[in-house]
Amino acid sequence: MSAPVTILTGAGSGIGHALALMLAREGHTLHLVGRTESKLERTRSEILSAHPGATVRMHCIDLCDSDLAAGVVDAAIATDGGVDFLVNCAGVAPLAPIERTDETVLEHAFMTNVFGPAILIARCWPHFVERRAGCIVNVSSMASIDPFPGFFAYAASKAALDSLTRSCHTEGARRGIRAFCVNPGAVETPLLRSNFPEKVLPHSRTLSPEAVAQVALDCIAGRREQDRGKVIPVPSP
């Protein structure tokens, strides 16, 4: 059997980086997506060091560009014959109270956290329907359930991502398409630390990227079938 083909966004750091290493260990052909080439190259190098025979392709793009996002799916199908899994890990978390939320903050949050994943899903969808198989894992946030002050735009965008997941389940279940939403609390990543220093949010109160990546991997591997179409809370310690 050929290796499963996975598109993974946000693969340069944090949860996406951790999941990329896990998927490589499981024998996936990987299409790593991110905005920073050096970070993607670091992930790729780590994978190839541990698994010299792995197939790892890089797409250094901004998911806010819908044409480039759709092009990743087209490239995976053209190069590797299809897409089996789509994992949307990429995200931004602008920290702004309601009174300082403007169009720029809203656009930044929704373009990255909602529009990018939605374009990738929509591009994969006809392919999944034709094959009567496919799996989507969206990495959302506990903020969509219990927003931290200052996450007005971020929490709303992640709630929209939760809704995308439910729609994928509603329309896809009878077509063999699986959809999951993993909603972690505070995760020890550069994105978290860009908003909260350790004196505000100690390391002891954060999740490791690997812990969240494991939940996503369990969804992919069929070990969380009872959670299809659901939000899967992964609270912080």
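Above this text is the structure in question.
Residues numbered from 1 in each chain as written. Predicted model: local features only at pLDDT ≥ 70, side-chain atom pairs only at ≥ 80, totals over all residues. Heavy atoms only, no water.

**Student:** How should I be thinking about the pairing of strand β6 (residues 177-184) in this particular structure?
**Tutor:** Within a regular strand, the side chains alternate between the two sheet faces. Burial of β6 is extensive: 8 of the 8 residues sit out of reach of the surface. Residues of β6 alternate between two faces, with Ile177, Ala179, Cys181 and Asn183 on one and Arg178, Phe180, Val182 and Pro184 on the opposite face, all of them buried. In the sheet, strand β5 (residues 134-139) pairs with β6 via 6 bridges, with the strands oriented parallel. The residue bridging isoleucine 136 from the neighbouring strand is alanine 179, located in β6. For the segment spanning β5, helix α5 (residues 152-172) and β6, crossover handedness is right-handed. As paired elements, β6 and strand β7 (residues 231-234) share 4 bridges and run parallel to each other. Bridge pairing in β7 places cysteine 181 opposite valine 231. (Buried < 20%, exposed > 50% of the residue type's maximum accessible area, 1.4 Å probe, protein only. Helix = DSSP H or I, 4+ residues; strand = E, 2+ residues; numbered from the N terminus. Pairing = 2+ DSSP bridges. Right-handed = clockwise from strand over helix to strand, strands pointing away.)

**Student:** Explanation requested: the sheet that holds β5 in the structure shown.
**Tutor:** Strands sit in the order β3-β2-β1-β4-β5-β6-β7 across an open sheet of 7 strands; the sheet is parallel. Where the open sheet ends on each side, the last strands, each with one partner, are β3 (56-60) and β7. Here the strands of the sheet are splayed against their neighbours by 15° on average, with no regard to which way each runs. Helix-sheet contacts for helix α2 (residues 37-50) involve β2 (29-34) and β3, and the interaxial angle to β3 is about 175°. Each of β1 (5-9), β2 and β3 is contacted by helix α3 (residues 66-80), which is oriented at about 160° to β2, the strand it contacts most. (Axes fitted to C-alpha atoms, helices over the stretch in contact; angles between N-to-C directions. Contact = heavy atoms within 4.5 Å.)

**Student:** Help me understand the packing of aromatic side chains in this model?
**Tutor:** Both the distance between ring centres and the angle between the ring planes are used here to describe each pair of aromatic rings. Counted under the stated rule, the structure contains 4 aromatic pairs. For the ring pair phenylalanine 151 and tyrosine 154, a centre distance of 4.7 Å and an interplane angle of 55° mean the geometry is tilted. Taken together, the ring pairs in this structure connect Phe148, Phe151, Tyr154 and Phe196 into an aromatic cluster. (Phe/Tyr/Trp six-rings, centres within 6.5 Å; stacked < 30°, edge-to-face > 60°.)

**Student:** I would appreciate a short explanation of the pattern of salt bridges in the present structure.
**Tutor:** Any two side chains of opposite charge can pair if their charged atoms end up close together. All chains considered together, the criterion is met by 10 salt bridges. One salt bridge in this structure joins glutamate 188 and arginine 193, with 2.8 Å as the shortest N-O distance. Measuring nitrogen to oxygen at the nearest pair gives 2.6 Å for the salt bridge that ties arginine 228 to glutamate 225. On the accessibility criterion, arginine 228 (27% relative accessible area) is partly exposed. Each member of the salt-bridge network shares a partner with another, and the members are Arg178, Glu225 and Arg228. (Salt bridge = Lys/Arg side-chain N within 4 Å of Asp/Glu carboxyl O.)

**Student:** It is not clear to me how unusual backbone geometry should be interpreted in this structure. Could you clarify?
**Tutor:** Glycine aside, a negative phi is what most residues show, and trans is what most peptide bonds show. The backbone of arginine 132 shows a phi angle near 55°, a positive value even though the residue is not glycine. Position of arginine 132 relative to the elements: it lies in the loop between α4 (103-131) and β5. Taking relative accessible area as the criterion, arginine 132 reaches 51% and is therefore assigned exposed.

**Student:** How should the side chain of threonine 206 be read in this particular structure?
**Tutor:** Residue placement: threonine 206 occurs in the loop between α6 (190-195) and α7 (209-220). Here the side chain of threonine 206 touches histidine 203 through a polar contact of 2.8 Å, landing on its backbone oxygen. Among residues more than four places away in sequence, those in contact with threonine 206 are Ala186, Val187, Glu188, Leu192, Arg193, Leu201 and Pro237. (Polar contact = N/O pair within 3.5 Å; in protein donor to acceptor, adjacent residues only side chain to side chain.)

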